[in-house]
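Tertiary structure, described
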Amino acid sequence: MRRMPAVTLRAMDIVFIRHGQPQWAVDGLSQPDPFLTDLGHEQALLAAKRIANEPRPVTELIASPATRAQQTAAPIGEETGLEVQTGDDLTEVRMPDCEGVTEEKVVEIFKTSRHRSPEQWWEGLPGGESFRDFHNRVTTALDDLLGARGIFRDPDDQQLWHMDEDPGRIVVVAHGGTNSVSLTHLLGVPPAPWEWERLVLFHASFARIKLIPLAGGFVPSLRTFNDQDHIPLELRSR
């Protein structure tokens, strides 16, 4: 396919939406694939109404296979009339198997793990996915997703991207870790094994990347981050 000059294309954008508030524990026991709380469903509906009523229509809706992401994407699909496409590798970093473990024990594990060395952060929690593997999984999935739509990095200048045609507005519903890794990857920021701590995204928040024509190609430009304008203060959660 012939590459079209950047100046002839409208700048496209990608909206990353974090899932709504999940029910991490039931009857005091940790859940491996939590569903949304009542608040989480309300947050998801607010996100759906906002994205459906914005001037530029959504052309594609893609979500992590996790229940909390699928339940967040469902009302967006209903409001926009789009089918939810599932991106299998957009799941959150895989944690150790904590099914049946008490909520208090899981909280204690995460609390003490914050004091690990940087190398231990890269390796991940014992029994879970390493951050290296998680980062590679998510960035490869993102590159493949964009590549399938004719959007690719310049092989001679990694800060520039090219696209053959405007794919419109893509919405990705995923997780705090997945979305933060995606943002740093697109923006060319060197990775750190605590992306979700330096790029904090609240439940059902928006982060929008716009690919603007520049320097003979396209440059990802961060336009909104942790945007919760659609969620009243009393309904916000992290």
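For the structure, see preceding data.
These numbers were taken from a predicted model, which means no experiment stands behind them.

A surface patch of nonpolar side chains, amounting to about 280 Å² of accessible area, comprises Leu187, Val189, Leu222 and Phe225. With respect to the helices, strands and loops of the structure, Phe225 is situated in strand β10 (residues 217–227).

Next up on the list: the pattern of salt bridges. One pass over the full model with this rule turns up 16 salt bridges. Salt-bridge contacts for Arg132 lead to Glu119; the nearest nitrogen and oxygen are separated by 3.2 Å. Taken as a pair, Arg132 in helix α5 (residues 131–147) and Glu119 in helix α4 (residues 118–123) lie far apart in primary sequence, 13 residues in all. Across the pair Arg198 and Glu195 runs a salt bridge whose closest N-O atoms are separated by 2.6 Å. Of this pair, Arg198 and Glu195 both sit in helix α7 (residues 195–198), separated by 3 residues, roughly a single helical turn. Since its relative accessible area comes to 39%, Arg198 is described here as partly exposed. For Glu195, a relative accessible area of 0% translates into the label buried. Each of Asp13, Arg50, Glu54, Arg56, Asp166, Arg169, Arg208 and Asp227 takes part in one network of salt bridges that share partners.

Turning next to the packing of helix α1 (residues 38–53) against helix α2 (residues 67–80). Closest axis-to-axis distance for the α1/α2 pair is 8 Å, and the angle between their directions is 35°. Classified by chirality, the crossing of α2 by α1 is right-handed. Facing His41, Ala44, Leu45, Ala48, Lys49, Ile51 and Ala52 of α1, the residues of α2 in contact are Gln71, Thr72, Pro75, Ile76, Glu79 and Thr80. Residue composition of the contact of α1 with α2, by class: 7 nonpolar, 4 polar and 2 charged.

This next bit is on the packing of α5 against helix α6 (residues 176–187). Two numbers describe a pair of packed helices, the interaxial angle and the distance between the axes. Two numbers describe how α5 lies on α6: the axes approach to 10 Å, and their chain directions differ by 65°. On the basis of the axis angle, α5 is roughly perpendicular to α6. Viewed along their axes, α5 and α6 form a crossing whose handedness is right-handed. Two secondary-structure elements touch here, α5 through Phe131, Phe134, His135, Val138, Thr139, Leu142, Asp143 and Leu146 and α6 through Gly177, Thr178, Val181, Ser182, His185 and Leu186. Across the contact of α5 with α6, the residue classes break down as 7 nonpolar, 6 polar and 1 charged.

Roughly 1400 Å³ of volume is contained in the largest pocket. Forming the walls of the largest pocket are 43 residues, and the residues nearest its centre are Trp24, Glu92, Val93, Met95 and Phe110. Considering every element that reaches the lining of the largest pocket, the biggest residue donor is helix α3 (residues 103–113), with 5 residues. Of the volumes computed, that of the second largest pocket is approximately 150 Å³. Lining the second largest pocket are 13 residues, with Gly87, Asp88, Ala141, Asp144 and Leu145 sitting closest to its centre. Put simply, the parts of the chain that give the lining of the second largest pocket at least two residues each are β5 (84–86) and α5. Ranked by residues supplied to the lining of the second largest pocket, first place goes to α5 with 5 residues. For the lining of the second largest pocket, the per-class residue count stands at 4 nonpolar, 4 polar and 5 charged.

Definitions and limits used
Residues numbered from 1 in each chain as written. Predicted model: local features only at pLDDT ≥ 70, side-chain atom pairs only at ≥ 80, totals over all residues. Heavy atoms only, no water. Patch = residues over 30% accessible without salt bridge, like charges linked within 9 Å, V, L, I, M, F, W, Y side chains within 5 Å. Areas by Shrake-Rupley, 256 points an atom, 1.4 Å probe, with all protein chains shown as cover. Salt bridge = Lys/Arg side-chain N within 4 Å of Asp/Glu carboxyl O. Helix = DSSP H or I, 4+ residues; strand = E, 2+ residues; numbered from the N terminus. Buried < 20%, exposed > 50% of the residue type's maximum accessible area, 1.4 Å probe, protein only. Axes fitted to C-alpha atoms, helices over the stretch in contact; angles between N-to-C directions. Left-handed = near helix turned anticlockwise from the far one by under 90°. Contact = heavy atoms within 4.5 Å. Nonpolar A, V, L, I, M, F, W, Y, C, P; charged D, E, K, R; others polar. Parallel < 35°, antiparallel > 145°, perpendicular 65-115°, else oblique. 1 Å grid on protein atoms, 1.4 Å probe; cavity = no way out; pocket = protein on both sides within 12 Å on 5 of 7 lines; lining within 4 Å. Points joined across faces, edges and corners; volume = space filled by probe spheres on them.

Distances and angles like these do not, on their own, reveal function.
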